[in-house]
Amino acid sequence: MIRTCLFLLSLTIFSCTNYGQLKVITDLPGNLEENSGMISLTDSAVWIVEDGGNKDELYKVDFKGNILKSLTMKNGDNDDWEDLAKDHLGNVYIADIGNNDNSRKDLKIYKVPNPEVEPGDKIDAEIIELRYPEQKEFPPKKSGRFFDAEAIFHHDNKIYIVTKNRSNPFTGSAYVYSVPDVKGEYVATLVAEINLCSDWKTCQITGIDISPNGTKVIALSYGKLFIFTDFTWDNFTNGKVEEIDLGIRTQLESICFINEDVLLLSDERSHGSGNNLYSLDLRKVKKR
């Protein structure tokens, strides 16, 4: 049954169901159980992709859980689509950078024009190919598996990538890379190495977004948020970092800003729970 209690008033989201600190907006469609990336281009819907093994499609989903539109990628396969980002022109970036085994040599980011104005049911992409200069083996030993990634955002003609640590033993470290936002083949630039926490269950970065005015960057994990503020570009990690425990431990993989204060999040269905669209008002969160 679809659970929905959503009202938009001055771009503030209210919902009637609590899930930890999150408010449930709606169930997502059953065929999007492996949703892995999300962006907001309007005030009434989100665009969603699924990860590897699913269709090469972008889906527009409203706040009642209805699929309003789907677009098939003309020239790109879903090897492992993980995150979505957008720029100020409405272009959308699809991160085909999922790399669970750290063995891929074909990492890509697809750049597509604003899907809101695409008249047909297919969309064409420019292709940004990339590699990490620090990765020398494919795959490296388990202790050096730092090159999976599920999190990107766009800022000032660059795409920023935050890796997902799959090392064993787990170190907590994540790399921040950047690449240009135009088609081509690139060696990614290492921006920073960060270590946000040491518990592998809640410290692997699964999504990220930047606020509309560019003053906040928020990274998502399986149950926590890490809020970066008071930074200078090009390294958003050089400022203040706050940690927020969301109070749930579902497979949260997607996050995006709908305005300066309100976030949307979603999780995959796992062990009989999840596959929900949530909201979080940053003005009301409980911090550590």
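Throughout this description, residue numbers start from 1 for each chain and increase along the sequence as written. In keeping with the predicted nature of the model, local features appear solely for residues at pLDDT of at least 70, side-chain atom pairs appear and are counted solely at 80 or more, and the whole-chain, interface and lining totals rest on all residues. Heavy atoms throughout the structure, all of them, feed into the side-chain values; hydrogens and water do not.

Engineer: Please provide a residue-by-residue account of the overall build of the protein, values included.
Structural biologist: Here a helix means four or more residues in a row that DSSP labels H or I, a strand means two or more in a row labelled E, and each is numbered from the N terminus. For the protein, the helix and strand inventory stands at 1 helix and 25 strands. Just to be clear, the radius of gyration here is over C-alpha atoms, and the globule rule we use is 2.2 Å times residues to the power 0.38. The globule rule puts the C-alpha radius of gyration for 288 residues at 19 Å, and the 17 Å found for the protein is close to it. With the principal axes as the frame, the protein shows a C-alpha extent of 50 × 45 × 40 Å. Burial analysis of the protein (288 residues in total) assigns 57% to the buried set. Residue contacts are defined here by distance: any two heavy atoms, one from each residue, within 4.5 Å place the two residues in contact. When contacts within the protein are restricted to residue pairs at least 6 apart in sequence, those whose partners lie at least 24 apart make up 51%. Only the protein chains shown count as cover for residues, with accessible areas throughout obtained via the Shrake-Rupley method and a probe of 1.4 Å. Of the roughly 12200 Å² of accessible surface on the protein, a fraction of 47% belongs to carbon and sulfur atoms. We count Lys and Arg on the positive side and Asp and Glu on the negative side, and we leave His and both chain ends out. Here the site of a charge means NZ on Lys, CZ on Arg, CG on Asp, or CD on Glu. Across the protein, the mean location of the 33 positive side-chain charges is 4 Å away from that of the 45 negative side-chain charges. Accessibility here uses a 1.4 Å probe with only protein chains present; expressed as a share of the type maximum, an area under 20% marks a residue as buried, one over 50% as exposed, and anything in between as partly exposed.

Engineer: A description of the nonpolar core should follow, citing residues and the corresponding values.
Structural biologist: Most often, soluble globular proteins keep nonpolar side chains buried together rather than apart. We define the nonpolar core as a collection of buried residues of types Ala, Val, Leu, Ile, Met, Phe, Trp, Tyr and Cys that are connected through side-chain atoms lying within 4.5 Å of one another. Core analysis: the largest hydrophobic core is formed by 20 residues, its most contacted members being F153, V162, V176, I208, V217, F228 and F236. Where this core is concerned, the elements lending two or more residues are β14 (148-155), β15 (158-164), β16 (173-180), β18 (189-195), β19 (207-210), β20 (217-220) and β21 (224-229). Look past the residues within four positions of V176 in its chain and what remains in contact with it is Y160, I161, V162, T189, L190, V191, A192, I194, F236 and T237. Among the nonpolar cores identified, the runner-up in size contains 19 residues, and A95, I128, Y132 and Y175 belong to it.

Engineer: An account of the layout of surface pockets is requested, with residue identities and associated values reported.
Structural biologist: For each structure, a 1 Å grid was placed over the protein atoms alone; sets of points admitting a 1.4 Å probe that cannot get out are labelled cavities, open sets with protein on both sides within 12 Å along at least five of seven lines are labelled pockets, and lining residues have an atom within 4 Å of a point. Grid points are joined across faces, edges and corners, and a volume is the space filled by probe spheres set on the points. Taken as a whole, the largest pocket spans an internal volume of roughly 420 Å³. Looking at the largest pocket, it is lined by 21 residues, and the ones nearest its centre are K86, D87, I210, S211 and P212. Those elements that place two or more of their residues in the lining of the largest pocket are β9 (83-86), β14 and β19. Counting residues per element, the lining of the largest pocket draws most heavily on β14, which supplies 3 residues.

Engineer: Go over the environment of E242, please, and point to the residues and values.
Structural biologist: Among the secondary structure elements, E242 is positioned in strand β22 (residues 240-245). C-alpha separation for the pair E242 and F226, spaced 16 residues apart in sequence, amounts to 5.6 Å. Among all residues touching E242, those that are not within four sequence positions of it are L225, F226, I227 and K287.

Engineer: An account of the sheet that holds β18 is needed here, citing residue identities and associated values.
Structural biologist: Pairing is antiparallel across the open sheet formed by 4 strands, whose spatial order is β14-β15-β16-β18. The sheet is open, and its two edges are formed by β14 and β18, each paired on a single side. Looking at each pair of strands side by side, their axes are set apart by 25 degrees on average, direction ignored. Any two strands between which DSSP finds at least two bridges are classified as paired. Where β15 and β16 come together, 5 bridges link them in antiparallel fashion. When the bridges of β16 are listed, Y160 appears paired with S178. For helices, the fitted line uses only the C-alpha atoms of the stretch in contact; every axis is such a line through C-alpha atoms, and the angle between N-to-C directions lies from 0 to 180 degrees.

Engineer: So what's going on with the side chain of N165? Which residues, and what values?
Structural biologist: Relative to the helices and strands, N165 is located in the loop between β15 and β16. In protein, a polar contact requires one atom able to donate a hydrogen and another able to accept it; more generally it is a pair of N or O atoms within 3.5 Å, and residues adjacent in sequence count only if both atoms are side-chain atoms. A polar contact of 2.6 Å, which involves the side chain of N165, links it to the side chain of S167. A polar side-chain atom of N165 sits 2.8 Å from the main-chain carbonyl oxygen of S173. Discounting residues that sit within four places of it in the chain, N165 has contacts with R145, F146, F170, T171, G172, S173 and Q204.

Engineer: Can you explain the state of the cysteines? Please cite residues and give values.
Structural biologist: In protein structure, a disulfide is the covalent linkage between the sulfur atoms of two cysteines. Count a disulfide wherever a pair of cysteine sulfur atoms falls within 2.5 Å. Scanning the model with the defined rule gives 1 disulfide in all. Disulfide pairing places C197 opposite C203 at an S-S distance of 1.8 Å. When the S-S torsion is -125 degrees, as for the bridge of C197 with C203, the disulfide is left-handed.

Engineer: Could you give an account of the sheet that holds strand β12 (residues 122-123), naming the residues involved and the relevant values?
Structural biologist: Ordered in space as β5-β6-β7-β8-β12, the 5 strands form an open sheet in which the pairing is mixed. Taken across any chain shown, the strands that pair with only one partner, and hence form the sheet edges, are β5 (35-39) and β12. Examined bridge by bridge, β5 and strand β6 (residues 45-50) share 4 bridges and lie antiparallel to one another. Opposite G37, over in β6, you have V49 as the bridge partner.

Engineer: Lay out the packing of aromatic side chains with the relevant residues and their values.
Structural biologist: Two descriptors summarise a pair of aromatic rings, namely the distance from one centre to the other and the angle between the planes of the rings. Two rings belonging to Phe, Tyr or Trp (six-membered ring only in the last case) form a pair when the distance between their centres is within 6.5 Å. Interplanar angles under 30 degrees mark stacking, angles over 60 mark edge-to-face geometry, and anything in between is tilted. Within the structure shown, the criterion is met by 15 aromatic pairs. Ring geometry for Y160 against W233: centres 5.6 Å apart, planes inclined by 50 degrees, an arrangement best described as tilted. Residue Y160 is found in strand β15, and its partner W233 is found in the loop between β21 and β22; the two are separated by 73 residues along the sequence. Given a relative accessible area of 0%, Y160 falls into the buried group. Taking the relative accessible area as the measure of exposure, W233 reaches 29% and is therefore partly exposed. Ring geometry for Y160 and F236: centres 6.4 Å apart, planes at 85 degrees, overall edge-to-face. Placement of the pair is Y160 in strand β15 and F236 in the loop between β21 and β22, with a sequence separation of 76 residues. Given the relative accessible area of 1%, F236 is considered buried. One aromatic cluster in this structure is built from F153, Y160, F228, F231, W233 and F236.

Engineer: Account for the confidence of the model for the protein, with residues named and values stated.
Structural biologist: For every residue, the predictor reports its confidence as pLDDT, a number between 0 and 100. Confidence in the prediction of the protein, expressed as mean pLDDT, is 93, and 94% of residues score 70 or more. In this model, residues 1-14 is a region of pLDDT below 50 whose contacts with residues beyond four sequence positions or in other chains number 41 contacts.

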